[in-house]
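# An overview of the molecular structure
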Amino acid sequence: MRIIMLGAPGAGKGTQAKKIAAKYGIPHISTGDIFRANIKEGTELGKKAKTYMDQGLLVPDELVVDLVVDRLQQEDAQKGYVLDGFPRTIPQAESLDEALKKVNSKIDYAIDVDVPDENIINRMSGRRACVKCGATYHLMYAPTKVEGICDACGDKLILRDDDKPETVKKRLNVYHEQTQPLIDYYTSAKVLKRVDGTQDMEDVFRAIVAILGE
Ligand code: AP5
Ligand code: ZN
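All values derive from a computational prediction rather than experimental measurement.

## Some words on the overall build of the protein
When its secondary structure is counted, the protein shows nine helices and eight strands. Over its C-alpha atoms the protein spans a radius of gyration of 16 Å, differing by no more than 12% from the 17 Å that the globule rule assigns to 214 residues. Along the longest, intermediate and shortest principal axes, the C-alpha atoms of the protein span 45 × 40 × 35 Å. Across the 214 residues that make up the protein, the buried fraction comes to 32%. In the protein, the proportion of contacts linking residues at least 24 apart, taken out of those at least 6 apart, comes to 69%.

## Structural notes on the UniProt feature "binding site: AMP" (unreviewed entry) in the protein
What UniProt calls "binding site: AMP" (unreviewed entry) maps, in this numbering, to Thr31, Arg36, Leu57, Leu58, Val59, Gly85, Phe86, Pro87, Arg88, Gln92, Arg160 and Arg171. These annotated residues cover 141 residues of sequence, and their C-alpha atoms reach 24.8 Å apart at the extreme, placing them across more than a single site. If you trace the backbone, leucine 57 turns up in the loop between helix H3 (44-53) and helix H4 (61-72). When the 15 C-beta atoms within 10 Å are taken as the criterion, leucine 57 is described as partly exposed. Residues in contact with leucine 57, not counting those within four places in the same chain, are Tyr52 and Val174. Along the polypeptide, arginine 171 turns up in helix H7 (residues 165-179). You can call arginine 171 buried: it has 23 C-beta atoms within 10 Å. When residues no more than four places from it in sequence are discounted, the contact partners of arginine 171 are Pro9, Gly56 and Asp162.

## Here's the deal with the sheet that holds strand S7 (residues 157-158)
In spatial order, the strands read S6-S5-S7; together these three strands make up an open sheet with antiparallel pairing. Because the sheet does not close on itself, it has two edges, and the strands there are strand S6 (136-138) and S7. The pairing of strand S5 (residues 127-130) with S7 spans two bridges and is antiparallel. If you follow cysteine 130 over to S7, its bridge partner there is leucine 157.

## Digging into the pairing of strand S4 (residues 109-114)
Here strand S1 (residues 2-6) pairs with S4 via four bridges, running parallel. Looking at S4, one finds that isoleucine 4 is bridged to alanine 110. In terms of strand pairing, S4 meets strand S8 (residues 192-196) through five bridges, oriented parallel. Among the inter-strand pairings, valine 113 is bridged to a residue of S8, identified as valine 195.

## So, the site of ligand 1
The environment of ligand 1 is formed by 36 residues, the closest being Pro9, Gly12, Gly14, Gly32 and Gly85. Elements supplying a minimum of two residues to the shell around ligand 1: helix H1 (13-24), helix H2 (31-41), H3, helix H6 (117-126), S6 and helix H9 (201-212). A per-class count over the shell around ligand 1 returns 15 nonpolar, 14 polar and seven charged.

## A few points about the environment of histidine 28
Relative to the elements of secondary structure, histidine 28 occurs in strand S2 (residues 28-30). With 20 C-beta atoms counted inside 10 Å, the residue histidine 28 sits in the buried group. Sequence separation between histidine 28 and isoleucine 3 is 25 residues; the distance between their C-alpha atoms is 9.7 Å. Those residues in contact with histidine 28 that lie beyond four places of it in its chain are Ala17, Lys18, Ala21, Val82 and Asp84.

Cut-off values and rules
The residue numbering used here restarts from 1 in each chain and proceeds along that chain's sequence as written. Here the convention is simple: chains get letters from A, ligands get numbers from 1, in the order in which they are written. Note on the predicted model: pLDDT of at least 70 is required for a residue's local features to be given, and 80 or more for side-chain atom pairs to be given and counted; whole-chain, interface and lining totals, by contrast, use all residues. Strands here mean DSSP runs of E at least two residues long; helices mean DSSP runs of H or I at least four residues long; both are numbered from the N terminus. Taken over C-alpha atoms, the radius of gyration is set against a globule rule of 2.2 Å times the number of residues to the power 0.38. Think of it as a crowd count around each C-beta: if 20 or more other C-beta atoms lie within 10 Å the residue is buried, if 12 or fewer it is exposed, and in between it is partly exposed, with C-beta placed from the backbone throughout. Residues are treated as contacting if the C-beta atoms built from their backbones sit within 7 Å of each other. UniProt positions are given in the numbering used here, feature names are shortened, and annotations may be inferred rather than shown by experiment. Whether two strands pair comes down to DSSP finding at least two bridges between them. Using a C-beta atom placed from the backbone for every residue, we mark a residue as near a molecule or strand if that atom lies within 6 Å of it. Classes in brief: Ala, Val, Leu, Ile, Met, Phe, Trp, Tyr, Cys and Pro nonpolar; Asp, Glu, Lys and Arg charged; the others, Gly included, polar.

In structure tokens:
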């Protein structure tokens, strides 16, 4: 099963992608996580990506596409995957389609996790992320047992640099301009499925499982 997660920043793509990956036994491939790991390790790619991410802008397509195409060629992705944060522009979607076509493959589902802008800022300001293992929490909606400490690995939690309200507004604008057109793109490809992302996390997941099958 080859799945793309669509939706605004903070819509819950990462939260649901992790659940999908666990239930269906496919890898969760998040371009945001890949960039954040590179920033943490201080790689050249990380340095380049950070200048865009901190401003709420998209990293240029040429830095993203090859990275994902390479990742999809790895062994664990042959039985399927859930892509989170990619594609994010029409050129990225077209490059992905081209790469898949070459190996006789295609996307089965593009799931749009639909959340209005009003709810997003609130979600982002409460999000806390573990720098070590990548787990995400929310002060109100997904609290940890001990505040500020990751349940999974015991490391400290942080507010992401790009989750400050001003940057979130910018990311929402970028989303509407550059990423939302993908909804039409995948509607035309007849793979778009929409779920109401304002429900609580378990109900969103139930709606997704109803689409993908048990
Ligand atoms: P990326 O990491 O992909 O960020 P994003 O798309 O903005 O998405 P987020 O990770 O912020 O949100 P999410 O939808 O995964 O929500 P989450 O599940 O965490 O990208 C970051 C940056 O990297 C980009 O701005 C760009 O610069 C660059 N980049 C990445 N990919 C790129 C690409 N392909 N091309 C170019 N540049 C790229 O949930 C949010 C919060 O809400 C959490 O705290 C969660 O606990 C909570 N929550 C989740 N679901 C619910 C619910 N149902 N009810 C209540 N709370 C909930
Ligand atoms: Zn952790």
